[in-house]
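Secondary and tertiary structure notes
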Amino acid sequence: MAVVRPFRAVRPADKYAAEVAALPYDVYSREEAAEAVKGRPLSFLNIDRPETMFPADHDMYAEDVYEAARNRYEAQKAEGIYEVDGKACYYIYEETMNGRSQTGIAALSSVDDYINGVCRKHENTVQKKETDRIEHVDHMSAQTGPICLSYHKRDGIDAIVESWKQSRTAVNDFTSEDGIRHRVWVIDDDAAISALESEFGALECTYIADGHHRAASAVKVALKRRTAAGENYSSEAEFNYFLSVLFPDDQLEIMDYNRIVKDLNGMETSDFLEALEQVFDVELTALACRADEILRPEKKYDIGMYLNGRSYMLHVKPEYIEKVSSDPVRSLDVSVLQEEVLSKLLGIEDPRTDPRISFVGGIRGLGELVRRVDGAPVTEAGPAVAFAMYPTSIAELFRVADAGMLMPPKSTWFEPKLRSGLFIHEF
């Protein structure tokens, strides 16, 4: 059963919370991160991406970069920017975007749950990204970016959370620059803490929704610390737990994660369209259109496509759906596209490394696909093409993870993103 326990969080003082809270480190390029911290000395992005404190040509993975992160954090703690709670607590974290709210609980999850498959994953990680966060977490002796976890909804947890929200005042309540409202409550009552710990302990498993690299890095730092501790190792050591925010499965919303390919792999447009007919019923929807009205699929097994100024809807044929429906991975829309179009027709075997493909999160809108395709040069290998996906569901994510399988890269896009800096777990 799952181990999800309270902890003594390091948190920004309320008057600084809005200035500290930052989007996750991995949503920015190096140039974007440097721009984002200008004039914002308290933004946690300065600590999460410490290369922003150095010249642009400085090695962002150098030892002094990670040391700078730790030094800045310690200096800001000394200035009173951050405070440490006096006892181990659970924390309610609510985000509201476009009128829709999601409410989770910030807590610690067990490293051993991750190792033993109680905390289940659905995608692989990239070693280079892991290495950076391992160094960051190890130098900080703290986890600074929460991993987004989910679980099968439990009425007991919901009741405690709703009662606490209704009867207590939020300790943080601010709206970030992107219009998202953030509220935090501290659950510090011993009876409520005990009840929550018991409710979480009744869960068979939890699921990583977003933050696989952060989770993998926290686990590898824990294993390193275990080895270093030797005979003095204690299973209760703080490094055996990682920072997480856990949401019931009815709270999270997965957005579409769309694809753009630079060319048709040398195929003529007519040949490409004809080849698609092997798996799809290809419907021409418009010659000129608003992308968000025409390209957006309205149901599973429909894929929007934009090519040569025209929009299409690719309807997966019933006989193909029947063939893959029992397979948790092959039945995903993103898998159908990867297997039958990106790989078989366009020659993209590994979308994680192939420079011909790029990914556009649904938060950017489908107009972004049209803009990029229309602005792309037509090469000898053909014009650019975009694919608008129907969002993967949380039930599909759970099904893949329960089977011990992995989704194709970039299968899910979660919004709103959890802010870094609001909860820090030191060890």
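Here the structure is shown first, and the text comes after it.
Residues numbered from 1 in each chain as written. Predicted model: local features only at pLDDT ≥ 70, side-chain atom pairs only at ≥ 80, totals over all residues. Heavy atoms only, no water.

We now examine the sheet that holds strand E18 (residues 357-361). Remark on secondary structure: sheet strands pair via backbone hydrogen bonds, oriented parallel or antiparallel. Taken together, the six strands give an open sheet; going across it, the order is E15-E17-E16-E19-E14-E18, and neighbouring strands pair in antiparallel fashion. Edge strands, defined here as strands with exactly one partner in the open sheet, are strand E15 (280-286) and E18. Averaged over all neighbouring strand pairs, the angle between strand axes comes to 25°, with direction disregarded. One ladder, built from six bridges, connects strand E16 (residues 302-307) with strand E17 (residues 310-316); its direction is antiparallel. Residue pairing across strands places Tyr306 opposite Ser311, the latter belonging to E17. (Pairing = 2+ DSSP bridges. Helix = DSSP H or I, 4+ residues; strand = E, 2+ residues; numbered from the N terminus. Axes fitted to C-alpha atoms, helices over the stretch in contact; angles between N-to-C directions.)

Now for the state of the cysteines. In total, this model carries zero disulfides according to the counting rule given. Cys119 forms no disulfide, and the closest cysteine sulfur to it belongs to Cys205, at a distance of 8.9 Å. Cysteine Cys148 remains unbridged, with the sulfur of Cys119 as its closest cysteine sulfur at 11 Å. (Disulfide = S-S within 2.5 Å.)

This paragraph deals with empty space enclosed by the protein. Applying the stated rule across the entire model yields four cavities of 30 Å³ or more. The computed volume of the largest cavity comes to approximately 120 Å³. What lines the largest cavity is a set of 15 residues, and nearest its centre among them are Cys148, Asp210, Pro416, Lys417 and Leu418. Partitioned by chemical class, the residues of the lining of the largest cavity number seven nonpolar, three polar and five charged. The computed volume of the second largest cavity comes to approximately 100 Å³. If you trace the second largest cavity, you find it lined by Tyr25, Asp48, Arg133, His136, Val137, Gln143, Thr144, Gly145, Ile147, Arg214, Ser217 and Ala218. Broken down by secondary-structure element, the contributors of at least two residues to the lining of the second largest cavity are helix H6 (127-140) and helix H9 (212-229). (1 Å grid on protein atoms, 1.4 Å probe; cavity = no way out; pocket = protein on both sides within 12 Å on 5 of 7 lines; lining within 4 Å. Points joined across faces, edges and corners; volume = space filled by probe spheres on them. Nonpolar A, V, L, I, M, F, W, Y, C, P; charged D, E, K, R; others polar.)

Turning to the environment of Glu340, a few remarks are in order. Here Glu340 lies in helix H13 (residues 333-343). Relative accessible area serves as the criterion here: at 7%, Glu340 is assigned to the buried category. Taking the C-alpha atoms as reference, Glu340 lies 8.3 Å from Leu276; in sequence the two are 64 residues apart. Among residues more than four places away in sequence, those in contact with Glu340 are Val279, Tyr320 and Leu345. (Buried < 20%, exposed > 50% of the residue type's maximum accessible area, 1.4 Å probe, protein only. Contact = heavy atoms within 4.5 Å.)

All right, on to the packing of helix H7 (residues 155-167) against helix H8 (residues 190-201) then. Their axes nearest at 9 Å, the elements H7 and H8 cross at an angle of 150°. The angle between the axes of H7 and H8 places the two elements in the roughly antiparallel class. For the pair H7 and H8, the sense of crossing is left-handed. Across the interface between the two elements, Gly156, Ile157, Ile160 and Trp164 of H7 pack against Ala192, Ala195, Leu196, Glu199 and Phe200 of H8. (Parallel < 35°, antiparallel > 145°, perpendicular 65-115°, else oblique. Left-handed = near helix turned anticlockwise from the far one by under 90°.)

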